[in-house]
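Residue-level structural notes
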Amino acid sequence: MTPATSLFTPVEGDLQLLADNLKQLVGNRHPILFAAAEHLFGAGGKRIRPAIVLLLSRATMLEQDITPRHRRLAEITEMIHTASLVHDDVVDESQMRRGVPTVHSLFGNRIAVLAGDFLFAQSSWYLANLDNLEVVKLLSEVIMDLATGEIQQGLNRFDASTSIETYLKKSYYKTASLIANSSKAAGLLSEVSRETAEHLYGYGRHLGLAFQIVDDILDFTSTTDTLGKPAGSDLKSGNLTAPVLFALREKPYLEVLIEREFAQEGDLEQALALIQDSQGIQQARELASHHAKLAAEHLACLPPSDSHQALINITDYVLSRLY
Ligand code: FPP
Ligand code: MG
Ligand code: MG
């Protein structure tokens, strides 16, 4: 699951610095947070979000080195992401992530909720200290979006009439908003043109959507071992993702099983079999690859560089997780 190391080559040193720094920043307040920081920012994380911020920073700074504010933006991005995962694992009652026990399963719900709150608050504080009002607005909107996406997902549980549009909107809030807005923010810190800033947003938005669709497919096609968390848990919990929504168009009986929330013995297995027997997974793959392609197209505004190439390669990597 770890991206091929070569993928992030232009920012490998930056990412090492970021990991050490995050442990320091989060851990020096309290022993519990220190333990959580070791756990959260230690080995295992893919760090794809800060890698994108750092690569975009390098790709837009070219002649000059990236600034401490670019680095801080990458740290803030990872802090927000990690905070959302700590809360997410409480909401989803998940015991394992990336093959290790989650914060709430180690320290209890109370500490996990507060540790997530602390990370959100701390990220806001560092964000304000960037002294760039537009960047503050972009990243604080992300925190609203994360909560919005999570609420929408909760409200749509077991709703078989959910449209692909609604699913994509929720996926934007839950996943793509952070990548899109932090990508744009990296450009703003490099003082790129308005037009380029919007392209960077477009890159992050489409990459984020592709990323979430792929994640949702893997929940059907991968094993618990490779995922580092139980496979098949989305459908079971009523989270209807792209493969299911496409399959519903072909297999009307799926709706019956979903609407009764898999209450009868064998319902879940039958639903999984119907999905496997449909074009749902293939259609979801096509949707992911459509968004990955759009993401790559938005990069045409950047001059050639190693970082630029790495950003293009990430759009392929996202899809390669499927094979
Ligand atoms: C992972 O999705 C979850 C997210 C990307 C966002 C979670 C956001 C929240 C819980 C809201 C945050 C709260 C505040 C106060 C802003 P997943 O559960 O589908 O994926 P997983 O398999 O990685 O758990
Ligand atoms: Mg979860
Ligand atoms: Mg969740």
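Going by an unreviewed UniProt entry, the chain carries the name Solanesyl diphosphate synthase and comes from Amazonocrinis nigriterrae CENA67. The UniProt entry for the chain carries the following text under Cofactor (unreviewed entry): "Mg(2+)". Its UniProt record, at the heading Sequence similarities (unreviewed entry), says of the chain: "Belongs to the FPP/GGPP synthase family."

For the pair helix H3 (residues 48-61) and helix H4 (residues 68-91), the least separation of the axes is 8 Å and the interaxial angle reads 160 degrees. The angle between H3 and H4 places the two elements in the roughly antiparallel class. Handedness of the crossing formed by H3 with H4: right-handed. Counting all contacts with H3, which are made through Arg-49, Pro-50, Val-53, Leu-54 and Ser-57, the residues of H4 involved are His-70, Leu-73, Ala-74, Glu-75, Thr-77, Glu-78 and His-81. Residues of the contact of H3 with H4, tallied by class, amount to 5 nonpolar, 4 polar and 3 charged.

The next thing to look at is the site of ligand 1. Within the structure, ligand 1 sits among 14 residues, and Ser-84, His-87, Asp-88, Ala-147 and Glu-150 are positioned closest to it. Among the elements of the structure, H4, helix H7 (133-155) and helix H8 (164-189) are those that each provide at least two residues to the shell around ligand 1. Here the shell around ligand 1 is composed, by residue class, of 5 nonpolar, 4 polar and 5 charged.

Right, let's get into the environment of Tyr-172. Assignment of secondary structure puts Tyr-172 in helix H8. Taking the C-alpha atoms as reference points, Tyr-172 and Gly-149, separated by 23 residues in sequence, lie 7.7 Å from one another. Every residue in contact with Tyr-172, bar those within four places of it in the chain, is listed here: Ser-177, Arg-205 and Leu-209.

Next up on the list: the nonpolar core. Formed by 84 residues in total, the largest nonpolar core has its most connected members in Leu-55, Leu-56, Leu-119, Leu-207, Ala-210, Ile-213 and Ala-288. Among the elements that line this core, the one with the most residues is helix H9 (residues 194-221), at 12 residues. When neighbours within four sequence positions are excluded, Ala-210 is seen to be in contact with Ala-288, His-291, Ala-292, Ala-295 and Val-318.

The rules behind these values
Residues numbered from 1 in each chain as written. Chains lettered and ligands numbered in written order. Predicted model: local features only at pLDDT ≥ 70, side-chain atom pairs only at ≥ 80, totals over all residues. UniProt positions renumbered as here; feature names shortened; annotations may be inferred. Axes fitted to C-alpha atoms, helices over the stretch in contact; angles between N-to-C directions. Helix = DSSP H or I, 4+ residues; strand = E, 2+ residues; numbered from the N terminus. Parallel < 35°, antiparallel > 145°, perpendicular 65-115°, else oblique. Left-handed = near helix turned anticlockwise from the far one by under 90°. Contact = placed C-beta atoms within 7 Å. Nonpolar A, V, L, I, M, F, W, Y, C, P; charged D, E, K, R; others polar. Near = placed C-beta within 6 Å. Core = buried A, V, L, I, M, F, W, Y, C linked by C-beta atoms within 7 Å. Buried ≥ 20, exposed ≤ 12 C-beta atoms within 10 Å, placed from the backbone.

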